[in-house]
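Commentary on secondary and tertiary structure
So the chains spell out like this:
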Amino acid sequence: MDSFVISSLVPVVVLIAAGYLAGKRRWIGGGAVKDLSHLIFLLLAPALLFRAMSTVHVEQLSLKPVAAYFVASGLLFAGTLALRGFNRTAAVIALANTYSNTVMIGIALIGLAYGEEGMVVLLTLISLHSLVLLTSATVVLELAVAREQAGAQKRPSMARTVMRALRNAIIHPVPLPIIAGLLFAQTGLAMPEAIDKPIQLLGQAFGPIALVMVGITLALTPIGRHWRSALVQALVKNLLHPLLVALIGWLLGVRGIPLTVMVVAAALPIGANVFLFSQRYRTAEDLVTASVVVSTVLALATLTLVMMCVQWLP
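Quick look at the structure, then. (Residues numbered from 1 in each chain as written. Predicted model: local features only at pLDDT ≥ 70, side-chain atom pairs only at ≥ 80, totals over all residues. Heavy atoms only, no water.)

1. Some words on helix α2 (residues 30-53)
In plain terms, the rule: To qualify as a helix, a DSSP run of H or I must reach at least 4 residues; to qualify as a strand, a run of E must reach at least 2; elements of each kind are numbered from the N terminus. A helix is expected to reach a length of 1.5 Å times the quantity of its residues less one. Note that bend, as reported per residue, equals the angle between axes fitted to the 7 residues terminating at that residue and the 7 residues originating from it. Any pair of residues with heavy atoms lying within 4.5 Å of one another is described as a contacting pair.
Here α2 spans 33 Å end to end across 24 residues, near enough to the 34 Å set by a 1.5 Å rise per residue. Remark: the principal bend of α2, roughly 35°, maps to Ala45, with a proline, Pro46, within the next four residues. Where α2 is buried, its residues meet α5 (102-148), α7 (175-187) and α8 (193-220).

2. Some details on empty space enclosed by the protein
Stated precisely, the cut-off is as follows: Method remark: on a 1 Å grid restricted to protein atoms, a set of points is classed as a cavity if a 1.4 Å probe fits but cannot get out and as a pocket if it is open with protein on both sides within 12 Å along at least five of seven lines; lining residues have an atom within 4 Å of a point. Grid points are joined across faces, edges and corners, and a volume is the space filled by probe spheres set on the points. Amino acids outside the nonpolar list (Ala, Val, Leu, Ile, Met, Phe, Trp, Tyr, Cys, Pro) and the charged list (Asp, Glu, Lys, Arg) are all regarded as polar, and Gly is one of them.
Under the defined criterion, the tally for this structure stands at one cavity of 30 Å³ or more. Estimated volume of the largest cavity: approximately 60 Å³. If you trace the largest cavity, you find it lined by Leu9, Val12, Ile16, Ile105, Pro269, Thr296, Ala299, Leu300 and Leu303. Element by element, the count of residues in the lining of the largest cavity is highest for helix α12 (residues 285-310), at four residues. Considering only residue class, the lining of the largest cavity consists of eight nonpolar, one polar and no charged.

3. Topic: the layout of surface pockets
Considered as a void within the structure, the second largest pocket measures approximately 590 Å³ in volume. Along the walls of the second largest pocket sit 29 residues, with Leu48, Arg51, Ala52, Met119 and Gly203 positioned nearest its centre. Among the secondary structure elements, those contributing two or more residues to the lining of the second largest pocket are α1 (3-24), α2, α5 and α8. Among the elements that line the lining of the second largest pocket, the one with the most residues is α8, at nine residues. Of the residues contributing to the lining of the second largest pocket, the split by class is 19 nonpolar, seven polar and three charged.

4. Some remarks on the packing of aromatic side chains
To be explicit about the condition: Aromatic contacts are taken between Phe, Tyr and Trp rings whose centres are within 6.5 Å, Trp giving its six-membered ring; a plane angle under 30 degrees counts as stacked, one over 60 as edge-to-face, and the others as tilted. Remark: exposure states derive from per-residue accessible area (1.4 Å probe, protein chains only) relative to the maximum for the residue type, with buried under 20%, exposed over 50%, and partly exposed in between. We count a charge as sitting over a ring when the NZ of a lysine or the CZ of an arginine lies within 6 Å of the ring centre and within 35 degrees of the ring normal.
If you walk through the whole model with that rule in mind, you get two aromatic pairs. Ring centres of Tyr69 and Phe70 lie 5.7 Å apart, and the angle between their planes is 90°; on these two criteria the pair is classed as edge-to-face. Each of the two residues, Tyr69 as well as Phe70, counts as buried. Residue placement shows Arg255 over the ring face of Trp250; its charged tip is 3.4 Å from the ring centre.

5. Here's the deal with a nonpolar patch on the surface
This is how the line gets drawn: Only residues above 30% relative accessible area that lack a salt bridge enter a patch, with like-charged residues linked at up to 9 Å and the nonpolar side chains Val, Leu, Ile, Met, Phe, Trp and Tyr linked at up to 5 Å. Exposure was quantified through the Shrake-Rupley algorithm and a 1.4 Å probe, taking into account, for residues, occlusion by the shown protein chains and nothing else. In the sections that follow, a salt bridge refers to a side-chain nitrogen of Lys or Arg positioned within 4 Å of a carboxyl oxygen of Asp or Glu.
Taken together, the side chains of Ile223, Trp227, Leu231, Leu235, Leu239 and Leu305 present a nonpolar region at the surface, about 480 Å² in accessible area. Among the elements that take part in the nonpolar patch, helix α9 (residues 227-251) stands out by supplying four residues, more than any other. For Leu305, the location among the structural elements is in helix α12. By relative accessible area, Leu305 is classed as partly exposed at 45%.

6. Here's the deal with the nonpolar core
Filter applied, for reference: Residues belong to one nonpolar core when they are buried, are Ala, Val, Leu, Ile, Met, Phe, Trp, Tyr or Cys, and are joined through side-chain atoms within 4.5 Å.
Of all hydrophobic cores here, the largest spans 82 residues; its most connected members are Leu95, Ile107 and Phe206. Sorting elements by how many residues they give to this core places α5 first, with 22 residues. Excluding anything up to four places from it in sequence, Ile107 contacts Leu48, Leu49, Thr102, Met119, Leu122, Leu123, Ile126 and Phe206.

7. A closer look at the environment of Arg51
Threshold: In protein, a polar contact requires one atom able to donate a hydrogen and another able to accept it; more generally it is a pair of N or O atoms within 3.5 Å, and residues adjacent in sequence count only if both atoms are side-chain atoms.
With respect to the helices and strands, the residue Arg51 is situated in helix α2. Taking the C-alpha atoms as reference points, Arg51 and Asp196, 145 residues apart in sequence, are found 7.9 Å from one another. Residues contacting Arg51, with those up to four places away along its chain left out, are Asp196, Ile199 and Gln200. One polar contact links Arg51 to Asp196, side chain to side chain, over a distance of 2.9 Å.

Shown next, in the form of structure tokens:
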């Protein structure tokens, strides 16, 4: 097995395993998971994202790789709806097929594997990831609900639904610090060391704590009787999604590190936001929970495969 892939994945696997052990032994119980999640998303992630983008100028960003990612994701989303029909369950499953865990696993992995250049590409994707996918999914889900409940009760207008989804996707602890960091970078100012150093230390804590948190969540989440369907979902997300991104990216002329990062990002397991959507719309909750777990565990093998294969991309 390629030493580059091993050196990038081993720290990720060890930290997730450490979290799994902590969860299984109940060193950290279910009641603490919410507090840890708040620590990660409200303090550590914003520090890391702001600092990473605070020296990046807009002209350095390339949107073509991100466009390839979203075109491939859109095709997979639409294909899922075409196969399963236009309903809430199909929409949630379509989101599970396309929504990657780009923050808790992706940031640590891409940083280890592809360095600062890869991080800039990934953070460009992350700045739009929730905005595009969650907003689109919200619109589709609201349309599906409106169709199911036609005439039963009055629902908010579609314009209001879209505006609410856009607001929630932007005023969020992930895209907001990315945008703030980019705006700061355009000023040409340098961050005073007394401020920059604490932000750096908080950002450095994000990777290990987030990965340990993934392991704890895996230990505390039951798979139940849905493991076969969850395995199918995991294979679609972990293998078909990156294959489509690689194909679309190649056709659009994306090459090098940008294409590699987009493909690896697509190969990341299902993100936790999909579970929140399933809860909110009360559909496929057990299946999505099992799919997130199976996708994350399976990613230890599928990410290794994808990262080895992308090295052969020109």
